Protein chains: 2
Amino acid sequence: RLNCPVVLTGFTEKMAKIARDDKRRVAHSLKFGLALTLVSVFYYVTPLFNGWGNSTIWAVITVLFVMEFTVGATLSKGIYRVLATLAAGLLAVGAHLVARLCGEEGEPVVLAVLVFLVASAATFSRFIPEVKARHEYGVIIFILTFALVTVSSYRVEDLIEFAHERLTTVAVGVATCLLTTVFVFPIWAGEDLHELTAGNLDKLAEFLEGMESEYFGDHSSCENLEAKPFFKVYKGVLSSKVREDSLSTFAKWEPIHGKFRFRHPWNQYQKLGALCRQCASSMEALASCVITLKKSQYPEANPELSLKIGATCAAMSSHSAKALRGLSLTVRTMTKPSPINNDMSTATKAASDFRTEFSEDVALLQVMHVAIIASLLSDIVIQIKRITESTNN
Amino acid sequence: RLNCPVVLTGFTEKMAKIARDDKRRVAHSLKFGLALTLVSVFYYVTPLFNGWGNSTIWAVITVLFVMEFTVGATLSKGIYRVLATLAAGLLAVGAHLVARLCGEEGEPVVLAVLVFLVASAATFSRFIPEVKARHEYGVIIFILTFALVTVSSYRVEDLIEFAHERLTTVAVGVATCLLTTVFVFPIWAGEDLHELTAGNLDKLAEFLEGMESEYFGDHSSCENLEAKPFFKVYKGVLSSKVREDSLSTFAKWEPIHGKFRFRHPWNQYQKLGALCRQCASSMEALASCVITLKKSQYPEANPELSLKIGATCAAMSSHSAKALRGLSLTVRTMTKPSPINNDMSTATKAASDFRTEFSEDVALLQVMHVAIIASLLSDIVIQIKRITESTNN
């Protein structure tokens with residue numbers, strides 16, 4: 001018996017989950033449909049259609065090329081689309097005039113050679129790192145428009161009119177996308193970036209809180225540490241760079257909205273993100289050390305001192321975690337952080353006390369395996385301090 | 001005085017460097033120009049043009065959509081292009097027939113509603129993880145074709161003819177791309193993946209060689225370790241996942257070529273890559289421990305034992321590095337690795353000897369700071385052993 005309803009229910013549940021996880025996904029899908037429908041109205045309405053003819057189809061293609069999830073992404077792609085079309089259109093008209101000079105026989109040959117040269121050069125430019133990182137989309141649009149206008153120029157009677165029509169339809173497509181993204185349920189890259197940064201801080205705090213209760217704390221079991229969710233949470237911070245970079249590029253394009261004023265310091269988010277990743281990297285080293293030491297099970301040389309250092313570690317973890325939670329709240333509410341951060345100074349003091357005490361007493365070397373971890377942890381404290389300083393700026 | 005020639009020389013040098021770094025970039029650029037020129041010939045040659053009319057322009061667009069750097073990528077995009085166009089074309093013809101039933105007034109309304117529904121649903125499907133990872137390109141082509149054919153259907157007399165023309169021109173565009181990529185200086189994703197894997201093994205070896213000569217060795221200075229190039233080389237391995245995944249997806253599409261037979265075990269490369277990254281992650285923890293210990297400068301408790309463990313570490317590093325170099329050569333030449341790997345067994349023995357000796361003698365705890373590093377290193381040895389085993393399969 002085929003369980004068709006079961007499969008269908010599973011599928012529906014999966015779709016519902018995707019929609020519930022981020023409701024903006026539904027909004028974006030509907031907006032995409034709306035923009036496409038609006039633009040296709042130009043084709044259905046006869047007076048408009050007579051003016052533009054077959055070029056109307058370019059407005060539809062433009063929507064497919066330009067419409068993106070966030071306002072910033074749509075805006076930047078839209079501007080690239082218009083500029084690249086303009087540049088390629090002008091160059092193509094120039095190519096057409098040059099080809100005309102070569103007579104009826106020579107024209108297609110000259111056009112073919114020009115398409116070959118321009119397309120090859122533009123494709124090669126995509127390998128330049130700066131172009132690849134920022135302008136690749138513009139180059140693709142440039143090649144597309146240049147090839148289409150040049151090739152068409154051989155058959156079209158009035159090329160200037162043709163190029164003008166293309167530019168108008170592209171502009172209509174871009175305008176439709178922009179109106180839809182900005183005025184219907186706008187999704188801002190800036191807000192996503194903001195949320196990502198606060199989330200990263202929370203993740204770092206979660207790791208330290210987990211370490212405090214499960215590893216350094218009094219009632220810690222230390223069992224099955226690798227399977228605990230908190231023990232891997234820094235990995236999400238480590239892999240956040242790509243998303244952060246793209247969001248911050250798009251956030252810079254966005255106009256003033258909500259709590260974000262003009263000249264919002266978007267670059268600061270990237271600096272903070274870099275510091276968070278550095279901190280997460282130290283956490284990875286610490287986690288890896290902890291796992292290694294657990295596996296090897298060395299005999300405990302000095303249980304009393306181990307306990308003492310363990311308590312210091314617990315204090316460093318819990319205070320640092322509290323400081324991070326405070327920072328994350330500061331970022332979320334966009335308030336100025338209080339200049340005196342008690343938790344941060346307690347954590348820093350515990351770290352420096354530990355270092356001083358340790359360098360005085362040679363006997364302490366016997367509990368070096370706890371010490372190494374503590375030392376890694378005190379590095380993390382210093383980095384969190386740097387994060388605090390960077391947020392204060 | 002403007003130094004225009006200087007700027008120009010700088011630009012030329014930069015372009016020459018990009019071309020020299022990978023000559024296939026020049027080949028790809030020329031191939032792109034060639035494919036575009038070939039396809040535009042269909043437009044210039046009058047007998048062909050009369051048959052297809054304005055649809056010829058779709059062959060040009062197809063080249064821009066499908067042509068990629070490697071054979072595998074072009075092939076997979078080409079097949080997606082044809083399948084998605086076919087599916088969307090059929091659905092659009094169906095939509096057209098439904099809309100016809102609703103009379104002259106109702107037709108544009110029904111078409112608009114259908115475009116809205118299909119575009120929204122398809123856009124939403126791009127949020128499904130499986131679709132995003134593998135079929136996003138197909139979905140974009142599907143929306144494009146469906147919107148264009150449906151919208152055009154309102155004006156075009158013979159829709160079946162129109163859809164047929166579109167499919168033919170798309171097929172011609174795809175065929176041109178495939179012929180150009182396969183027969184003119186083919187660039188294989190499989191070869192790139194192969195080279196990436198061997199390069200990763202070399203990078204891991206380079207780190208261990210550097211550690212042996214600069215940190216564990218007799219004449220090691222340990223100075224400015226962080227600035228040494230070998231000390232960061234594992235980072236390249238850690239970040240290789242995205243490129244490896246995309247290359248391995250495309251490699252599976254590629255036909256038999258050169259030394260790669262049918263059913264080449266492409267999945268093995270990903271398994272090996274995962275092991276290499278795990279090893280690189282342990283190296284990162286080791287590097288981070290080394291830097292931390294250097295900064296803290298604890299008094300040396302037992303110089304004799306430190307020396308002894310240092311020598312064991314040097315032996316583990318150098319033998320593991322030799323084993324990795326051997327593996328990399330094996331991958332490069334695609335020969336079967338010799339079943340008895342002397343270097344690997346020496347390194348494994350040094351690691352296990354160290355563990356045994358260490359657990360017997362409690363006094364050794366005093367040199368724990370060297371021991372921790374050694375222990376991390378022995379983990380790396382175990383992982384390299386796993387890599388060896390995986391290569392042998």
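Residues numbered from 1 in each chain as written. Chains lettered and ligands numbered in written order. Predicted model: local features only at pLDDT ≥ 70, side-chain atom pairs only at ≥ 80, totals over all residues. Heavy atoms only, no water.

Engineer: Is there a simple way to think about the overall build of chain A in this case?
Structural biologist: Each helix and strand counted, chain A has 15 helices and zero strands in total. In chain A, once contacts between residues fewer than 6 apart in sequence are set aside, the share between residues at least 24 apart is 78%. For chain A, the exposed area adds up to about 18,400 Å²; of that, 62% sits on carbon and sulfur atoms. (Helix = DSSP H or I, 4+ residues; strand = E, 2+ residues; numbered from the N terminus. Contact = heavy atoms within 4.5 Å. Areas by Shrake-Rupley, 256 points an atom, 1.4 Å probe, with all protein chains shown as cover.)

Engineer: Looking at this structure, I do not really get the pattern of salt bridges. What am I missing?
Structural biologist: Where charged atoms of side chains with opposite charge meet at close range, the side chains can pair. Residues and elements named next belong to chain A. The full count for this structure, using the stated rule, is 32 salt bridges over all chains. Asp192 is the partner of Arg24 in a salt bridge, and the nearest nitrogen-oxygen pair spans 2.7 Å. One end of the pair, Arg24, is in helix 2 (residues 24-44); the other, Asp192, is in helix 9 (residues 189-216), and 168 residues separate them in sequence. The exposure class assigned to Asp192 is buried, which follows from its relative accessible area of 11%. (Salt bridge = Lys/Arg side-chain N within 4 Å of Asp/Glu carboxyl O. Buried < 20%, exposed > 50% of the residue type's maximum accessible area, 1.4 Å probe, protein only.)

Engineer: Looking at this structure, I do not really get the packing of aromatic side chains. What am I missing?
Structural biologist: Where two aromatic rings form a pair, the distance of their centres and the angle of their planes describe that pair. Residue and element names in this part refer to chain A. Counted according to the given criterion, the structure contains 17 aromatic pairs over all chains. Note on Phe207 and Phe230: the rings are 6.3 Å apart at their centroids and 50° apart in plane angle, and the pair reads as tilted. Taken together, the positions of Phe207 in helix 9 and Phe230 in the loop between helix 9 and helix 10 (234-238) put the pair 23 residues apart, joining distant regions of the chain. For the pair formed by Phe207 and Phe230, the shared burial category is buried. One aromatic cluster is present, formed by Phe207, Phe230, Phe231 and Tyr234 through successive ring pairs. Positioned above the aromatic ring of Trp58, the side-chain terminus of Arg166 is 4.1 Å from the ring centre. (Phe/Tyr/Trp six-rings, centres within 6.5 Å; stacked < 30°, edge-to-face > 60°. Lys NZ or Arg CZ within 6 Å of the ring centre and 35° of its normal.)

Engineer: What exactly am I supposed to notice about the packing of helix 4 (residues 56-66) of chain A against helix 5 (residues 71-100) of chain A here?
Structural biologist: In a packed pair of helices, the relevant descriptors are the angle between the two axes and the axis-to-axis distance. All names here are of chain A. Between helix 4 and helix 5, the shortest axis-to-axis distance is 9 Å and the interhelical angle comes to 135°. The orientation of helix 4 with respect to helix 5, classified from their angle, is oblique. As helix 4 runs across helix 5, the sense of the crossing is right-handed. For the pair helix 4 and helix 5, the contacting residues are Trp58, Ile61, Thr62, Phe65 and Val66 in the first and Thr74, Lys77, Gly78 and Arg81 in the second. Class assignment of the residues belonging to the contact of helix 4 with helix 5 gives a composition of four nonpolar, three polar and two charged. (Axes fitted to C-alpha atoms, helices over the stretch in contact; angles between N-to-C directions. Parallel < 35°, antiparallel > 145°, perpendicular 65-115°, else oblique. Left-handed = near helix turned anticlockwise from the far one by under 90°. Nonpolar A, V, L, I, M, F, W, Y, C, P; charged D, E, K, R; others polar.)

Engineer: What should I look at first to understand helix 11 (residues 241-251) of chain B in this one?
Structural biologist: Every α-helix carries 3.6 residues per turn, so stepping three or four residues along brings you back to the same face. The complete set of buried residues in helix 11 of chain B reads B:Glu244, B:Leu247, B:Ser248 and B:Ala251. Burial along helix 11 of chain B is one-sided: seen end-on, the buried residues are contained in an arc of 100°. (Arc of directions from axis to C-beta.)

Engineer: Sorry if this is basic, but what is going on with the environment of A:Pro255 here?
Structural biologist: Residues and elements named next belong to chain A. Note that Pro255 resides in the loop between helix 11 (241-251) and helix 12 (266-296). Under the relative-accessibility criterion, Pro255 is labelled partly exposed at 42%. Pro255 sits 197 residues away from Trp58 along the chain, and the two C-alpha atoms are 27 Å apart. Leaving out residues up to four positions away in the same chain, Pro255 has contacts with Val71, Leu75 and Trp188.

Engineer: When you look at the confidence of the model for chain A in this model, what are you seeing that I'm missing?
Structural biologist: For any part of a model where pLDDT is low, the fine detail of the predicted coordinates should not be relied upon. Residue and element names in this part refer to chain A. Taken over all residues, the pLDDT of chain A has a mean of 78, while the share at 70 or more is 78%. In the predicted structure, residues 362-367 sits below a pLDDT of 50 and forms 17 contacts with residues beyond four places in sequence or in another chain. Here the complex is predicted with pTM 0.80, and the ipTM for its interfaces comes to 0.80. (pLDDT = per-residue confidence, 0-100.)

Engineer: Help me out: how do you make sense of unusual backbone geometry in this one?
Structural biologist: Excluding glycine, most residues fall at negative phi; most peptide bonds, likewise, are trans. The backbone of A:Phe185 shows a phi angle near 45°, a positive value even though the residue is not glycine. Here A:Phe185 lies in the loop between helix 8 (159-183) and helix 9.

Engineer: Explain the packing of helix 9 (residues 189-216) of chain B against helix 11 of chain B here, please?
Structural biologist: All names here are of chain B. With their axes 8 Å apart at the nearest point, helix 9 and helix 11 run at an angle of 145° to one another. In this structure, helix 9 crosses over helix 11, and the sense of that crossing is left-handed. Contact residues: helix 9 offers Ala189, Gly190, Asp192, Leu193, Leu196 and Asn200, while helix 11 offers Arg243, Glu244, Leu247, Ser248, Phe250 and Ala251. Among the residues making up the contact of helix 9 with helix 11, the classes are represented as six nonpolar, three polar and three charged.

Engineer: What am I meant to see in the environment of A:Arg100 here?
Structural biologist: Residues and elements named next belong to chain A. With respect to the helices and strands, the residue Arg100 is situated in helix 5. On the basis of relative accessibility, which here comes to 43%, the residue Arg100 falls in the partly exposed class. Placed 10 residues apart in sequence, Arg100 and Val110 show a C-alpha to C-alpha distance of 9.0 Å. The contacts of Arg100, once residues within four sequence positions are left out, are Glu107 and Ser153.

Engineer: Any chance you could explain a nonpolar patch on the surface here in plain terms?
Structural biologist: Residue and element names in this part refer to chain A. Together, Leu34, Leu38, Leu179, Phe183, Val184 and Phe185 line one region of the surface with nonpolar side chains, adding up to about 580 Å² of accessible area. Secondary structure elements with two or more residues in the nonpolar patch: helix 2 and helix 8. With respect to the helices and strands, the residue Phe183 is situated in helix 8. On the accessibility criterion, Phe183 (65% relative accessible area) is exposed. (Patch = residues over 30% accessible without salt bridge, like charges linked within 9 Å, V, L, I, M, F, W, Y side chains within 5 Å.)

Engineer: What exactly am I supposed to notice about the environment of A:Ile141 here?
Structural biologist: With respect to the element layout, A:Ile141 can be found in helix 7 (residues 129-153). If sequence neighbours within four positions are ignored, A:Ile141 has contacts with A:Phe65, A:Arg81, A:Ala84 and A:Thr85.

Engineer: For this particular structure, what's the right way to read the side chain of B:His194?
Structural biologist: Locating B:His194 in the fold gives a position in helix 9. If we ignore the near neighbours within four places in the chain, the residues touching B:His194 are B:Lys259, B:Phe260, B:Tyr269, B:Val331, B:Arg332 and B:Met334.

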